[in-house]
Amino acid sequence: MLVQVALPVPLYRVFDYRLPAATQATPTAEPSARPAIGSRVEVPFGRQTLIGIVVAHIAAADSSVPLNKLKSIYRCLDNEPILNAAMLKLAYWLARYYHYPLGDVFGVILPTLVRQGKPLDLLITHWRILPNITDDDFHPNAKKQKQQFDMLKLHGERGASEDVLLLEGMQRPFLKTLEEKGLIERYIEPKQAPTPVKLAKLPLDLNDEQQQAVSTIIAAHKAGRYTGFLLNGITGSGKTEVYLQVMQAVLEAGKQVLILVPEIGLTPQTRARFASRFAADIVLLHSGMNNTHRLQGWQDCRTGHAQIIIGTRSAVLYPFADLGLIVVDEAHDGSYKQQDTLRYHAADVALYRGVQYNIPVILGTATPSLEHLKLVDDGKLVECQLSTRPGNAKPAPMQLIDARLQSTHQQTTDDGARYDTGLTDAMIGAIRQTLEAGDQVLVFLNRRGYAPVLLCEACGWQADCPRCDAHLTVHYSRQNSSNAYLKCHHCDWQAYIPAVCPDCGSQNLDAKGIGTTRLSENLHAIFANPQTSKVLYPIIQIDRDTTRRKDSWENIYQRINQGDPAILVGTQMVAKGHHFPNVTLVCLPNADRGFLSADFRSPEHTAQLMIQVAGRAGRGDKAGRVLIQTLQPDNALLLKLVKDGYLSFARELLQERKMMGLPPYTHAALIRCEGKTLAVTMQALKDAIAILPSNHNLAVLGPIDAPMSKKNSRYHAQLLLIAKERGQLHQVLSHWWQPVLALPSAKYLKLTLDIDPVGW
Ligand SMILES: Nc1ncnc2c1ncn2[C@@H]1O[C@H](COP(=O)(O)OP(=O)(O)OP(=O)(O)O)[C@@H](O)[C@H]1O
Ligand SMILES: [Zn+2]
């Protein structure tokens, strides 16, 4: 008897091993002495020792390798399978669909500590106070210690788990200090079985459309059958309330709920939205977790301790004891597509898992992707619409400002130089009016830093990244002008700002264009009191630079939610799902640039972003408005979006895609090749084309140099295969892709395959 093992090596095969000598020697060895399918084993592999997953038991006669050539496994790490049949099926499906080696698929879906062979019966650290400790045991100066101690004291004799305490704001160093001082102690308590979920707050009364959606989805849950739903609800229409009420039915049936959220949305608010409704065991899964927490979360999902699981993309790959519902919030969001290694799309995997578990899957969004609209057309998703906002809130009307007719406002510096603020007087007027009415304004600019380009006015030289096909972004602020530098937003390369042009020696260097820092400063200058030059309203900049620190987003969020008049200047970080009730004006000074891009998906993504940002206006009791400043007021796409709304716009794009034979009406695979020169990468792709089967029936586009071909000093070329039928594409890839990887010209190059790519 042999076992087949999937190992973390980039090879498209599994490996046969014998059982350890001890097991072999006992003729009566029970079948149970074999490592179970789905458990981990440690095996010799060449000169290494690797940990792999047993995927099959086979008879020695069925191995392609003679018995005396086979090695034995060293040891078995689990008494029971750690992956059940559903997880193994998922792994096989991912390997097949994305043409990715099975062993590497396990590398992606297993948490690091599981891959490293750590035992799974992880125990949770609890903390409790020791008996008979009084306030006198604290030095009067040890205020912070006392405060932390009091937080733990609130939990009574049994104390609380470290996780809970850290979430409440206790700090690990203080726990250690208090322990060393003999004031508190840690103890280990195995997890209790979860208690049934209770409602912490009453549900809202639904409007008709919400009620309709909730009933339809709950019916699928009750029937125990898979159905994919597109919950197509305009911004602020109360999609979350629909999720919550469907969740209630699922949780009451004792099942788990998985909620996927985009990368950036995973702030404490996301958790609070669900925790304030349900008293339940909620697990958060996100990229900022350390390995122990990740393993803990994985275990809680697998054992059923976690009742509500909120996570980013990769949570869709977790094992679940008894999953009853998957919600993909903001299902159109680009962060659901993994952009390296196993390039899966979390919404697609969510639908697959829905089929696996016979459960409903909700894809919720105000701006459905064209792919999802096509699935509705094909009858593969059931559409539920929410077309109004609850209560008095109305979607904010969008209005265009023709920036060709009105030039943008000029401002003068202290030394008399004039500069352009990038904002028209009409926009500035509207901002002023809104602030004076006591409301908040959101100005959206999807570019961080001070300016996107440093230009020599004399000779036209531009500061470019030496490692990428990209300009360096100018980082600078007038308040702190000594901290000025150039930075590449693709590879993080940094440089000082030169005093003179390196090409012609001119001192006439100018920062061109406008980023969030510059826009914030311009707004500062416009709204400052001319006497004191103090700004009358806070200007809050929200981008990756200002939210880098762990709690900074949280602080910003709190400042906004205090509701005082303020100007928020933000990148796409502010577009996603936030609810700022006091924002009544949203300004987009140049958001429509994307309609001019060469990428055929750009109009779709630009419109989604614009509508999502616009959706932040007027969500409270007061009406909102949206101003779009544009240099191309006749642009047909822009007009369509503003006049007829997103759905009608998206439908028109879908028609265009159909006529042009583009996805989602066709199916694409993108092959990228990375190497030291463009020539070698192009050659490898040419060789790849040469070994395509003669009857392949695919459209072959390329090889061409990839967009931003040079990145981080490496060159990228690409090749696109497009098929009318998905089956055709997979048929070709299954015979062709592995030989491509083995091509002599590909030997020192990195070749990757992206199925259903989102950009090319
Ligand atoms: N039936 C209802 N009655 C009253 N208020 C409701 C109802 N449903 C939702 N709301 C409220 O409407 C507001 C907007 O809801 P929510 O944030 O769920 O919208 P959304 O559809 O997720 O929007 P977005 O796509 O912009 O994130 C929330 O404050 C929510 O509490
Ligand atoms: Zn760079």
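Quick caveat, the model's predicted, so the values are computed rather than measured.

### What about the overall build of the protein chain?
Working step 1: Scanning the protein chain from N- to C-terminus turns up 21 helices and 34 strands.
Working step 2: The globule rule puts the C-alpha radius of gyration for 760 residues at 27 Å, and the 29 Å found for the protein chain is close to it.
Working step 3: Principal-axis analysis of the C-alpha atoms gives the protein chain an extent of 95 × 80 × 60 Å.
Working step 4: For the protein chain, buried positions account for 40% of its 760 residues.
Working step 5: At a minimum sequence separation of 6, the contacts of the protein chain that also span at least 24 residues come to 74%.

### With respect to the pairing of strand β11 (residues 256-260)
Working step 1: Within β11, five of the five residues are buried, which leaves it mostly tucked inside the rest of the structure.
Working step 2: As defined by bridge partners, β11 adjoins strand β14 (residues 308-311) across four bridges and the pair is classed as parallel. Its bridge partner being in β14, valine 257 is matched across the sheet by isoleucine 308.

### A few points about the nonpolar core
Nonpolar side chains in soluble globular proteins tend to be buried together.
Working step 1: If you look at the biggest cluster of nonpolar residues, it comprises 180 residues, and the most contacted ones within it are Val5 and Val586.
Working step 2: Looking at which element gives the most residues to this core, the answer is helix α9 (residues 239-252), with seven residues.
Working step 3: Within the second largest apolar cluster, eight residues are counted, among which are Leu152, Met170, Leu175 and Ile184.

### Side note on the packing of helix α2 (residues 85-97) against helix α3 (residues 102-109)
Working step 1: In the contact formed by α2 and α3, the axes pass within 9 Å of each other and the chain directions differ by 120°. Accordingly, the angle class assigned to the pair α2 and α3 is oblique. When you trace α2 past α3, the crossing you get is right-handed. For the pair α2 and α3, the contacting residues are Ala91, Tyr92, Leu94 and Ala95 in the first and Leu102, Val105, Phe106 and Ile109 in the second.

### Description of the sheet that holds strand β25 (residues 494-495)
Working step 1: If you trace the three strands from one edge of the open sheet to the other, you get β23-β24-β25, paired in antiparallel fashion. The open sheet is flanked by β23 (473-475) and β25, the only strands paired with a single partner.
Working step 2: Two strands pair when backbone bridges link them, and β23 and strand β24 (residues 485-487) are joined in this way by three bridges, in the antiparallel orientation. By the bridge assignment, histidine 475 is partnered in β24 with tyrosine 485.

### Remarks on the environment of leucine 120
Working step 1: If you trace the backbone, leucine 120 turns up in the loop between α4 (112-115) and β6 (124-129).
Working step 2: The partly exposed category is assigned to leucine 120, around which 16 C-beta atoms lie within 10 Å.
Working step 3: A C-alpha to C-alpha distance of 8.7 Å links leucine 120 and glutamine 296, two positions 176 residues apart in sequence.

### As for the domain arrangement of the protein chain
Working step 1: Parsing the protein chain into structural domains produces domain 1 (2-115), domain 2 (124-189), domain 3 (198-386), domain 4 (398-447 + 520-655), domain 5 (452-512) and domain 6 (667-755).
Working step 2: Inter-centroid distance (C-alpha atoms) of domain 3 to domain 4 is 30 Å.
Working step 3: Across the boundary between the two partners, domain 3 contributes 18 residues, which contact 16 residues of domain 4.
Working step 4: Contributions of two or more residues to the side of domain 3 that touches domain 4 are made by α10 (268-275) and α13 (370-377).
Working step 5: When the residues that make up the side of domain 3 that touches domain 4 are grouped by side-chain class, the tally is seven nonpolar, seven polar and four charged.

### Details of α2
Working step 1: Between its terminal C-alpha atoms α2 stretches 18 Å, which fits the 18 Å expected from 13 residues at 1.5 Å a residue.
Working step 2: For α2, the secondary structure elements touched by its buried residues are β4 (48-58), α3 and α12 (346-357).
Working step 3: Of the residues flanking the end of α2, it is histidine 99, one or two places downstream, whose phi is positive at about 50°.

### Re unusual backbone geometry
Backbone geometry follows two general trends: most residues other than glycine have a negative phi, and most peptide bonds adopt the trans configuration.
Working step 1: The residue after proline 663, namely proline 664, is reached through a cis peptide bond having omega 10°.
Working step 2: Following the sequence through the fold, proline 664 ends up in the loop between α19 (646-660) and β31 (667-675).
Working step 3: Following glycine 702, the chain continues to proline 703 via a peptide bond in cis, the omega torsion being 5°.
Working step 4: Tracing the sequence through the fold places proline 703 in strand β32 (residues 699-711).
Working step 5: The backbone of aspartate 492 shows a phi angle near 70°, a positive value even though the residue is not glycine.

### Some thoughts on the packing of α13 against α19
Working step 1: At a minimum axis distance of 10 Å, the contact between α13 and α19 shows a crossing angle of 85°. In terms of their interaxial angle, α13 and α19 are classed as roughly perpendicular. Judged by residue contacts, Leu370, Leu373 and Lys374 of α13 engage Ala650, Leu653, Leu654 and Arg657 from α19.
Working step 2: By residue class, the composition of the contact of α13 with α19 is five nonpolar, no polar and two charged.

### Description of the site of ligand 1
Working step 1: For ligand 1, the set of nearby residues contains 20 residues, the closest of which are Thr235, Gly238, Lys239, Thr240 and Pro390.
Working step 2: Among the elements that line the shell around ligand 1, the one with the most residues is α9, at three residues.
Working step 3: Of the residues assigned to the shell around ligand 1, the class counts are four nonpolar, twelve polar and four charged.
Working step 4: For the shell around ligand 1, the two domains that each supply at least three residues are domain 3 (198-386) and domain 4 (398-447 + 520-655).

### Examining the UniProt feature "binding site: Zn(2+) 2" (unreviewed entry) in the protein chain
Working step 1: Per the UniProt record, "binding site: Zn(2+) 2" (unreviewed entry) is found at Cys465, Cys468, Cys488 and Cys491. For this annotated set, covering 27 residues, all C-alpha atoms fall within 8.7 Å of each other, a compact arrangement in space.
Working step 2: By secondary structure assignment, the location of cysteine 488 is in the loop between β24 and β25.
Working step 3: Contact partners of cysteine 488, with chain neighbours within four places excluded, come to Cys465, Arg467, Cys468, Ala470, Leu472 and Trp493.
Working step 4: Mapped onto the fold, cysteine 491 is located in the loop between β24 and β25.
Working step 5: Ignoring sequence-local partners within four residues, the contact set of cysteine 491 consists of Cys465, Arg467, Cys468, Lys711 and Asn712.

### Thoughts on the pairing of strand β28 (residues 567-570)
Working step 1: Here β28 shows a buried face lined by Ile567 and Val569 and a second buried face lined by Leu568 and Gly570.
Working step 2: Judged from the four bridges that link them, strand β21 (residues 440-444) and β28 form a sheet pairing that is parallel. Note that in β28 the partner of valine 441 across the bridge is isoleucine 567.
Working step 3: Note: strand β27 (residues 539-542) against β28, four bridges, orientation parallel.

### Looking at the confidence of the model for the protein chain
Working step 1: Looking at the protein chain, the pLDDT average stands at 90 and 96% of residues meet or exceed 70.
Working step 2: Counted against residues more than four places away or in other chains, residues 25-32, with its pLDDT under 50, gives one contact.
Working step 3: Here the predicted complex scores 0.89 on pTM and 0.98 on ipTM.

### Here we look at the environment of phenylalanine 444
Working step 1: As for its position among the elements, phenylalanine 444 is in strand β21.
Working step 2: Sequence separation between phenylalanine 444 and glutamine 116 is 328 residues; the distance between their C-alpha atoms is 44 Å.
Working step 3: In this view, phenylalanine 444 contacts Gly570, Val574, Val586, Cys587, Leu588, Ala591 and Val613; residues no more than four positions away in its chain are not counted.

### Description of the sheet that holds β27
Working step 1: Ordered by their spatial adjacency, six strands build an open sheet running β18-β30-β29-β21-β28-β27, and the pairing between neighbours is parallel. Edge positions in the sheet fall to β18 (398-402) and β27, since each has one partner strand and no second. Strand-to-strand twist in this sheet, taken as the mean axis angle between neighbours without regard to direction, amounts to 20°.
Working step 2: Each of β21, β27 and β28 touches helix α15 (residues 516-527); the most contacted strand, β27, lies at about 175° to it.
Working step 3: Contacting β18, β21, β29 (583-588) and β30 (625-630), helix α17 (residues 602-614) runs over the sheet at an angle of about 155° to β29.

Parameters and conventions
- Residues numbered from 1 in each chain as written.
- Chains lettered and ligands numbered in written order.
- Predicted model: local features only at pLDDT ≥ 70, side-chain atom pairs only at ≥ 80, totals over all residues.
- Helix = DSSP H or I, 4+ residues; strand = E, 2+ residues; numbered from the N terminus.
- Rg over C-alpha atoms; globule rule 2.2 N^0.38 Å.
- Buried ≥ 20, exposed ≤ 12 C-beta atoms within 10 Å, placed from the backbone.
- Contact = placed C-beta atoms within 7 Å.
- Pairing = 2+ DSSP bridges.
- Core = buried A, V, L, I, M, F, W, Y, C linked by C-beta atoms within 7 Å.
- Axes fitted to C-alpha atoms, helices over the stretch in contact; angles between N-to-C directions.
- Parallel < 35°, antiparallel > 145°, perpendicular 65-115°, else oblique.
- Left-handed = near helix turned anticlockwise from the far one by under 90°.
- Domains from an automatic or database assignment.
- Nonpolar A, V, L, I, M, F, W, Y, C, P; charged D, E, K, R; others polar.
- Expected span 1.5 Å × (residues − 1).
- Near = placed C-beta within 6 Å.
- UniProt positions renumbered as here; feature names shortened; annotations may be inferred.
- pLDDT = per-residue confidence, 0-100.

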